[in-house]
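The primary structure of each chain is shown beneath.
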Amino acid sequence: MRSSIFVLGIALVGVLVTPSDGISYLTCNLLKNFYINFNCVYSNQQFCQNIKKIMSSSALGVSNCPYEDCNSKRFESCVSNYTCPEGTFLSEWKMCGRQQTCCSNPPDECEEIRLPEYNHVTITHTLGFPVVCDSVTDGGGWTIIQRRFDGLQSFDQTWDAYEKGFGDINREFWMGFDHIIKLLQMGEHEIRFEMHLSRGKRKFVQYKKFGLGGKDDYYRLSISRWDRDKASTADGTSIEAHNGMRFTTKDVDNDKCRCLCASSGRGGWWFKRCLLSNLNGDWGNRFMSRGPLWISETGLANPLIATRIKIRRRSP
C-alpha cells in the first residue's frame, strides 16, 4: 500500500515540472501527509528520505513545501533506534497528536529533556551558562544545582564562592546563587533534596514550591507544599526548620545562634540555631553536626555519602 502511494507521489511530481503555486502546494501537502502519517508512524527510513527529496525538489518549491511537524519543528530524522548526527540531539515531542522521536538542535533548558539517554547530560542553558540535567527522576526536566558523591570538592567556602559557584560541573559542584536566581526568575519552581545514607538507603524530599530572596535578602529560603505522596520520602521537617532563614557562610553570619553555624557545620547553609539539615557539611566528618546531614535520617554523627539538590520549573 505504501509503495503504491509513493509511486503516485512520484507520478504527480513528474507531471508538475513547472506547476502553478496552487497545484504545487496541494501536491506538497499530499506528500507531507504521506511523510507524517506513514513514515513517522512506521519508521521507514528510506521512505522518509524519498519523500523529503521530492518535497525539496525544484518542481515543488521548498517555500511551498515545509516538511515540519504541527509545532513547526523541522525534521532531521524520524526513525526509531536512530543515532543523531554530531551537533544534534535526540528528542521527543507530539507531532499531529502522535509521539515522535526525532533529531533536533540541542535543547537549551533542562525542562525540554525527558529521555533517559540524556540523564545527567550537560547543556548550555539559554541564559548562557552550563547546567546538568536529570531527565529521568519523576518525569525528568530537573536542573541540578548541587551534587556531592566523593568529597573531593570542599564546600567550606566563602560567601563570594557560594554566589559565583564552585567545583566541577561534571563531578561535585555548587551552581552558585548568581545562576540559581536567574533560573528562578524564569517562573515558579519546585525543589528536590536527594540523599544517600551510609547504610545504603536512598531518601528524598520534594517541595512543589521553592523560592529564594534576592542578594539584598541574603537568598532567604522559601519552601512550601511538601509532596508527601512520593515514595522513599525523608522527613521534611529537617529542612522546614530552616524555612525563612537567610544563607550563612563562614564569613557572612545570618543565623540566629550566638555561635557561627557555618564554622561548626563546615559549609554554607540556611542555618538557624544551628541545624536540622546541612547537605553542604564537611564530607565524611562524624564529629557532632559537622558532616553533610539530614538529622531525621542521619542523626548528628552519621554523615550522608551522596547528595543532590535539583530544581524544576513548574507547569503553568
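Definitions and limits used
- Residues numbered from 1 in each chain as written.
- Predicted model: local features only at pLDDT ≥ 70, side-chain atom pairs only at ≥ 80, totals over all residues.
- Heavy atoms only, no water.
- Helix = DSSP H or I, 4+ residues; strand = E, 2+ residues; numbered from the N terminus.
- Buried < 20%, exposed > 50% of the residue type's maximum accessible area, 1.4 Å probe, protein only.
- Contact = heavy atoms within 4.5 Å.
- Areas by Shrake-Rupley, 256 points an atom, 1.4 Å probe, with all protein chains shown as cover.
- Salt bridge = Lys/Arg side-chain N within 4 Å of Asp/Glu carboxyl O.
- Disulfide = S-S within 2.5 Å.
- Phe/Tyr/Trp six-rings, centres within 6.5 Å; stacked < 30°, edge-to-face > 60°.
- Pairing = 2+ DSSP bridges.
- Polar contact = N/O pair within 3.5 Å; in protein donor to acceptor, adjacent residues only side chain to side chain.
- 1 Å grid on protein atoms, 1.4 Å probe; cavity = no way out; pocket = protein on both sides within 12 Å on 5 of 7 lines; lining within 4 Å.
- Points joined across faces, edges and corners; volume = space filled by probe spheres on them.
- Nonpolar A, V, L, I, M, F, W, Y, C, P; charged D, E, K, R; others polar.
- pLDDT = per-residue confidence, 0-100.

1. Some remarks on the overall build of the protein chain
Then comes step 1: When its secondary structure is counted, the protein chain shows eight helices and 13 strands.
Then comes step 2: The burial tally for the protein chain puts 49% of its 316 residues in the buried class.
Then comes step 3: Sequence-distant contacts, at least 24 apart, represent 51% of the contacts inside the protein chain between residues at least 6 apart.
Then comes step 4: Counting every atom, the protein chain has about 15,100 Å² of accessible surface; 49% of that belongs to carbon and sulfur.

2. Let's talk about the pattern of salt bridges
Then comes step 1: With the rule as written, the count across this model stands at 16 salt bridges.
Then comes step 2: Glu194 serves as the salt-bridge partner of Lys310, at 2.9 Å between the closest nitrogen and oxygen. Pair noted here: Lys310 is in strand β13 (residues 306-313) and Glu194 is in strand β8 (residues 189-196), with a separation of 116 residues, a long-range link.
Then comes step 3: Judged by relative accessible area, Glu194 falls into the buried class, the value being 7%.
Then comes step 4: We note a salt bridge from Asp282 to Arg266, for which the minimum N-O separation is 3.8 Å.

3. Considerations on unusual backbone geometry
Then comes step 1: The residue after Arg273, namely Cys274, is reached through a cis peptide bond having omega -15 degrees.
Then comes step 2: In this structure, Cys274 sits in the loop between α7 (261-265) and β11 (277-278).
Then comes step 3: The backbone of Tyr218 sits at a positive phi, close to 55 degrees, despite the residue not being glycine.
Then comes step 4: Summarising the element assignment, Tyr218 is placed in the loop between β9 (202-212) and β10 (221-226).

4. Here's the deal with the state of the cysteines
Then comes step 1: Tallied over the entire structure, the rule returns three disulfides.
Then comes step 2: One disulfide in the model links Cys261 with Cys274; its S-S distance is 2.0 Å. Between Cys261 and Cys274, the S-S dihedral sits near -85 degrees, and the bridge is therefore left-handed. With Cys261 in helix α7 and Cys274 in the loop between α7 and β11, this residue pair connects regions lying 13 residues apart in the sequence. By the burial criterion, Cys261 is buried, and Cys274 matches it.

5. Description of the packing of aromatic side chains
Then comes step 1: One pass over the structure, following the stated rule, counts 16 aromatic pairs.
Then comes step 2: Seen in terms of ring centroids, Tyr162 and Phe247 are 5.2 Å apart; in terms of plane orientation they differ by 55 degrees. Their pairing is tilted. One end of the pair, Tyr162, is in helix α4 (residues 159-164); the other, Phe247, is in the loop between α6 (237-240) and α7, and 85 residues separate them in sequence. Residues Tyr162 and Phe247 agree in their burial class; the two are buried.

6. Structural notes on the pairing of β13
Then comes step 1: By the criterion of burial, β13 is predominantly enclosed, with seven of the eight residues buried.
Then comes step 2: In this sheet, β13 lies alongside strand β5 (residues 142-148) in antiparallel orientation, the contact comprising five bridges. Each bridged residue has a counterpart across the sheet, and for Arg148 the counterpart in β13 is Thr307.
Then comes step 3: The pairing of β8 with β13 spans eight bridges and is classified as antiparallel. The residue bridging Arg192 from the neighbouring strand is Lys310, located in β13.

7. Describing the environment of Asp282
Then comes step 1: Checked against the element boundaries, Asp282 lands in the loop between β11 and β12 (293-294).
Then comes step 2: Between the C-alpha atom of Asp282 and that of Gly267, which follows or precedes it by 15 residues, the distance is 6.6 Å.
Then comes step 3: Setting aside residues up to four positions removed in sequence, Asp282 forms contacts with Gly265, Arg266, Arg290, Gly291 and Pro292.
Then comes step 4: At 2.9 Å, the side chain of Asp282 forms a polar contact with the side chain of Asn285.

8. Some details on empty space enclosed by the protein
Then comes step 1: Within the structure shown, the criterion is met by one cavity of 30 Å³ or more.
Then comes step 2: Looking at the largest cavity, its volume works out to about 40 Å³.
Then comes step 3: Lining the largest cavity, in full, are Glu109, Glu111, His125, Thr143, Leu183, Met186, His189 and Arg313.
Then comes step 4: Classifying every residue of the lining of the largest cavity gives two nonpolar, three polar and three charged.

9. Quick look at the confidence of the model for the protein chain
Then comes step 1: Mean pLDDT for the protein chain: 75, with 65% of residues reaching 70 or above.
Then comes step 2: Within the model, the stretch residues 1-26 combines pLDDT values under 50 with 30 contacts to residues more than four positions away or in other chains.
Then comes step 3: In the model, residues 93-98 has pLDDT below 50 throughout and makes 21 contacts with residues more than four positions away in sequence or in other chains.

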